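Working through the structure, step by step
What follows is the residue order along each chain.
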2 protein chains.
Amino acid sequence: MTEQNGRDLQREKGEATRKRKWEMRQEKKRLLALKQQQEAEKKRREDEAFMREALRQAQKAAALGDVPIGCVIVFRGKIIARGYNRRNADKSVLSHAEIISIKKACKKIGDWRLEDCTMYVTLEPCPMCAGAIVQARIPRVVIGSRNPKAGCAGSVLDLFHEKGFNHQVELEDGVLQEDCTDMLEEFFRDLRCKKAADIGKA
Amino acid sequence: MTEQNGRDLQREKGEATRKRKWEMRQEKKRLLALKQQQEAEKKRREDEAFMREALRQAQKAAALGDVPIGCVIVFRGKIIARGYNRRNADKSVLSHAEIISIKKACKKIGDWRLEDCTMYVTLEPCPMCAGAIVQARIPRVVIGSRNPKAGCAGSVLDLFHEKGFNHQVELEDGVLQEDCTDMLEEFFRDLRCKKAADIGKA
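As annotated in an unreviewed UniProt entry, chain A is tRNA-specific adenosine deaminase from Candidatus Enterocloster excrementipullorum.

Another aspect to go through is the interface of chain B and chain A. The interface is formed by 28 residues belonging to chain B together with 28 residues belonging to chain A. For the side of chain B that touches chain A, the elements supplying multiple residues, two or more each, are α3 (97–109) and α4 (127–135) of chain B. Examining the composition of the side of chain B that touches chain A, we find that 7 residues originate from one element, α4(B), more than from any other. For the side of chain B that touches chain A, a count of residues per class yields 18 nonpolar, 5 polar and 5 charged.

Residue and element names in this part refer to chain B. With 13 residues, α3 extends 18 Å between its outermost C-alpha atoms, agreeing within 8% with the 18 Å of an ideal straight helix rising 1.5 Å per residue. Regarding α3, the residues found buried are Ala97, Glu98, Ile99, Ile100, Ser101, Ile102, Lys103, Ala105 and Cys106. Gly110 lies just past α3 and shows a positive phi near 75°.

With numbering matched to this structure, UniProt assigns "domain: CMP/dCMP-type deaminase" (unreviewed entry) to residues 45–178 of chain A. Helix makes up 36% of residues 45–178 of chain A and strand 22%. Its end C-alpha atoms lie 16 Å apart.

With that settled, consider the sheet that holds strand β2 (residues 78–84) of chain A. Residues and elements named next belong to chain A. The sheet built from 5 strands is open, its strands ordered β2-β1-β3-β4-β5 with mixed pairing. Of all the strands in the sheet, the pair left with one neighbour each is β2 and β5 (170–172). The mean inter-strand angle of the sheet, taken between neighbouring strand axes irrespective of direction, is 20°. Alignment of strand β1 (residues 70–75) against strand β3 (residues 117–123), held across 5 bridges, turns out to be antiparallel. Paired with Ile73 across the strands is Met119, a residue of β3.

Further remarks concern the pairing of strand β3 (residues 117–123) of chain B. Residues and elements named next belong to chain B. β3 sits mainly inside the fold: 7 of its 7 residues count as buried. Bridge count between β3 and strand β4 (residues 140–145): 5 bridges; the pairing is parallel. Opposite Leu123, over in β4, you have Ser145 as the bridge partner. What joins β3 to β4 is α4, and the crossover it makes is right-handed.

Let's shift gears to the nonpolar core. Grouped together as the largest cluster of nonpolar side chains are 106 residues, with contacts concentrated most on Tyr120(A), Ile133(A), Tyr120(B) and Ile133(B). Beyond its immediate stretch of four places on either side in the chain, Ile133(B) contacts Glu98(B), Met119(B), Pro125(B), Ile138(B), Val141(B) and Val169(B).

A separate point is the relation of the copies chain B and chain A. Once chain B is rotated about the relating axis by 180° and shifted along it by 0.0 Å, it coincides with chain A to within an RMSD of 0.1 Å. Taken together, the rotation and translation relating the two chain copies correspond to the operation of a two-fold axis. In terms of C-alpha distance to the rotation axis, chain B has Met128(B) as its closest residue, with the C-alpha 2.3 Å off the axis. Most of the interface of chain B is mirrored in chain A, where 100% of its interface residues are also at the interface.

What counts, and at which threshold
- Residues numbered from 1 in each chain as written.
- Chains lettered and ligands numbered in written order.
- Predicted model: local features only at pLDDT ≥ 70, side-chain atom pairs only at ≥ 80, totals over all residues.
- Contact = placed C-beta atoms within 7 Å.
- Helix = DSSP H or I, 4+ residues; strand = E, 2+ residues; numbered from the N terminus.
- Nonpolar A, V, L, I, M, F, W, Y, C, P; charged D, E, K, R; others polar.
- Expected span 1.5 Å × (residues − 1).
- Buried ≥ 20, exposed ≤ 12 C-beta atoms within 10 Å, placed from the backbone.
- UniProt positions renumbered as here; feature names shortened; annotations may be inferred.
- Pairing = 2+ DSSP bridges.
- Axes fitted to C-alpha atoms, helices over the stretch in contact; angles between N-to-C directions.
- Right-handed = clockwise from strand over helix to strand, strands pointing away.
- Core = buried A, V, L, I, M, F, W, Y, C linked by C-beta atoms within 7 Å.
- Least-squares fit on C-alpha atoms with pLDDT ≥ 70 in both.

Next up, the structure:
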């Protein structure tokens, strides 16, 4: 073997090693991205499953004639509290879906802090409920549709990311948004039809 | 009587009439100001009397070992609901003095709207309670001391005058402020002494 041939062989080996290593790095990156994507999809599916239960709760409110808003609170992968809007049925401002759920969750956990919980609610919380979420130190809230008239998770105000408070809340937005919005729109359409029919009768 | 004398007499009469009228107007103004002052004083005395009842409620919280915050809700000159902070005693974030009082008042009035009520509370409300006040459409809130860490009647945020909401709240500030602040300071001083004593024992 000539000196030139030896150098060529070494260079080829070096290039092959670099190529192999580069391919390994690329494969690792691809696998990591895939894993992250799978995890995000799994989380989304999980979020959607819990939001479906919140929607079932909202249906109970509609059956009572109350605005259909439902909520569940999840602790370590399990639902520990369910609630639906009963403001008119109970004639109490405190009978919002979120407040009912928070009350039940505090009782279940035995603490006023709900630090390892996630709340799923079909409509963006009002100032009272957003404030209760901050006070209870709930770390993550998943919402269905936005509430442009009174929503306090970014629509009118953002109580979840107010630096003046000692707690901030992570927000996941728009999970089963269409279902949540449709349910509300249907409720108000029915209400208008009923009112029009009542006026027609009178 | 000469023509000159006649004119002088008329002028004098005119001046006397103007003076009398001016004095009457001044007297009317003085009486109105006095009446307004008396009404303001009466209102202040009334506010202080209701705040004293809120302070008595706060003492019940301190007796339980909870931060001393008390609240009353007044409807047409009468107290219809009393509440004090029981957050630690009940292990529930919803056991703030204001929330307990609002719940009782809704039950008493039979409506989720508390439109003719005044709330008296020893400490500026947190975001949850300020939100509940807005949601319940309470028109007037009287507070004792300010809460710079979480107060939402102007300290950290002002939920009472947020134009995005469909309800604004009139605020009366600093009624029996010294008593309200002293009670809180005494509570935290005692708590620190107790903690120091416990560390000393250990």
